[in-house]
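Now for the letters of each chain:
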Amino acid sequence: MKHAPILPGDAVPAPDDVVLDNAKPRRLVRLWQVVRDGLPSTHRYRRYVFTLAPPLLGIWGLTIAYLMLAPPSYDSRFTLILPGTGAGSSLNLESIGQAQNSASSAFSSPALSPTENYKRLLMADVILRRAAKSIGENGDGFPAPDIKLVDQTNLIEVTISAGSADQAHKRSEALRAAFLAQLDVLRGDEAAKRELSDAKHLKELEAKVQETQRKLIDFQAKHGLVSLDQFNGRIAEIDQLREKEREARTMLRQQSAEASRFSGTLAIGPRGANTSLKLRSDPQFQQLASRYAALDSEAEEMGATLGEAHGDMAAAASERDALR
């Protein structure tokens, strides 16, 4: 095999067993070339370090200083559960009457939120100063509690902080005790006002009861009633008399209707109809009427065969006239 002559300036080709004309670099070599050619130069790294290092050092320095120098803080938490229903009482006195007293729940009104009221009361200055005084702290340095109202419930979560766990616990207990003491004061004031109002109403009721008793005594003296059983007996007698009166009125209406029917049938007046009704109910008159009917029938039978001058006809007519 012949080769072309090599002229001055031409590149000397490598042997076939060392480098090929169309051979590609290895993958690692190509990757290194991409990384080497794509990364910034060294002076750019120095610029990045000088730009970002001071802020990062400042942030980390402040964080480490806060962690090392800031005093520890402890939280104490308690939860208040408010009642959700009202209270009521009832008093029954035999033969006198019944008395009831009820207090509706504060949660029954959509315009009033007891949890919000309690929250304001927990944050009141008088509560905080009383709590601080109970544990020997300065009222101005006592921290305000963090209060959270749980939605759709009657729960109030109260959190208070301090420099130590024991102090946080003492503050929470002092705050809770001061809050309950203030509630007792408010409830006592409300109870006193209600007691005054109830006493006023009781005096008015007492005056009305005395007036009613006086009228009752006058009524008993006038009508001779002494006991409740006697009064009930009188009422029962009055009811019986009214029932008899209704029955008598009913019978009177029935008899009046029957008299009217008889008077129309017999063509006589009401007085004659009443007389007829009385005679109808008289057994002696009914017996005589039956005897008269029998004699009249017998006289009619004899009249069919005998004359008026016959002795039997005369005797029958005489007896019939006497009976009439």
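Provided above is the structure to which this section pertains.
Residues numbered from 1 in each chain as written. Predicted model: local features only at pLDDT ≥ 70, side-chain atom pairs only at ≥ 80, totals over all residues. Heavy atoms only, no water.

**Student:** Could you give an account of helix α5 (residues 165-223), naming the residues involved and the relevant values?
**Tutor:** Between its terminal C-alpha atoms α5 stretches 83 Å, which fits the 87 Å expected from 59 residues at 1.5 Å a residue. Gly224 sits one or two residues past α5 and shows a positive phi near 80°. (Helix = DSSP H or I, 4+ residues; strand = E, 2+ residues; numbered from the N terminus. Expected span 1.5 Å × (residues − 1).)

**Student:** Explain the packing of helix α8 (residues 283-303) against helix α9 (residues 311-323) to me, and be specific about the residues and the numbers.
**Tutor:** Close contact between α8 and α9 brings their axes to 10 Å; oriented N to C, the two are set at 155°. On the basis of the axis angle, α8 is roughly antiparallel to α9. Where α8 crosses over α9, the two elements pack in a sense that is left-handed. Seen from α8, the contacting residues are Leu288, Arg291, Tyr292, Leu295, Asp296, Ala299, Met302 and Gly303; seen from α9, they are Asp312, Met313, Ala316, Glu319, Arg320 and Leu323. Here the contact of α8 with α9 is built from residues that sort into 8 nonpolar, 1 polar and 5 charged. (Axes fitted to C-alpha atoms, helices over the stretch in contact; angles between N-to-C directions. Parallel < 35°, antiparallel > 145°, perpendicular 65-115°, else oblique. Left-handed = near helix turned anticlockwise from the far one by under 90°. Contact = heavy atoms within 4.5 Å. Nonpolar A, V, L, I, M, F, W, Y, C, P; charged D, E, K, R; others polar.)

**Student:** Give me the side chain of Arg171: which residues, what numbers.
**Tutor:** By the secondary structure assignment, Arg171 is in helix α5. Each residue touching Arg171, except ones within four places of it in the same chain, is listed here: Ile135, Glu137, Gly141, Phe142, Pro143, Ile160, Ser161 and Ala162.

**Student:** Please provide a residue-by-residue account of the pairing of strand β4 (residues 146-149), values included.
**Tutor:** As defined by bridge partners, β4 adjoins strand β5 (residues 155-162) across 4 bridges and the pair is classed as antiparallel. Looking at the pairing, Ile147 lines up with Val158 of β5. Counted between consecutive antiparallel strands, the loop separating β4 from β5 contains 5 residues, among which Gln152 sits at a positive phi close to 60°. (Pairing = 2+ DSSP bridges.)

**Student:** Before we move on, can you summarise the packing of aromatic side chains with the specific residues and values?
**Tutor:** A full pass over the atoms with the stated rule returns 1 aromatic pair. Geometrically, the ring pair formed by Tyr118 and Phe179 is edge-to-face, given 5.6 Å between the ring centres and 75° between the ring planes. Here Phe179 lies in helix α5 and Tyr118 lies in helix α3 (residues 114-122), a separation of 61 residues in the sequence. Look at Phe179 and you get buried, because its relative accessible area is 2%. (Phe/Tyr/Trp six-rings, centres within 6.5 Å; stacked < 30°, edge-to-face > 60°. Buried < 20%, exposed > 50% of the residue type's maximum accessible area, 1.4 Å probe, protein only.)

**Student:** Help me get a handle on the pattern of salt bridges, residues and values and all.
**Tutor:** Counted under the stated rule, the structure contains 12 salt bridges. A salt bridge links Lys193 to Asp189; its shortest N-O distance comes to 3.6 Å. In this pair, Lys193 and Asp189 both sit in helix α5, 4 residues apart, roughly one turn of the helix. Overall, the relative accessible area of 52% leaves Lys193 in the exposed class. Residue Glu190 pairs with Arg194 through a salt bridge whose shortest N-O separation is 3.3 Å. One end of the pair is Glu190 and the other is Arg194, both in helix α5 and 4 residues apart, which spans about a single turn. Since its relative accessible area comes to 38%, Glu190 is described here as partly exposed. By relative accessible area, which is 48% here, Arg194 ends up partly exposed. Through salt bridges with shared partners, one network takes in Asp125, Arg129 and Asp140. (Salt bridge = Lys/Arg side-chain N within 4 Å of Asp/Glu carboxyl O.)

**Student:** Requested: an account of α8, with residues and values cited.
**Tutor:** Compared with the 30 Å implied by 1.5 Å per residue over 21 residues, the 30 Å span of α8 between its first and last C-alpha is a close match. For α8, the set of buried residues is Leu295, Ala299 and Met302. Considered in projection along α8, the buried side chains sweep an arc of 60° and stay on one side of the axis. Of the exposed residues in α8, the ones pointing more than 90 degrees away from its buried face are Pro283, Glu300 and Glu301. (Arc of directions from axis to C-beta.)

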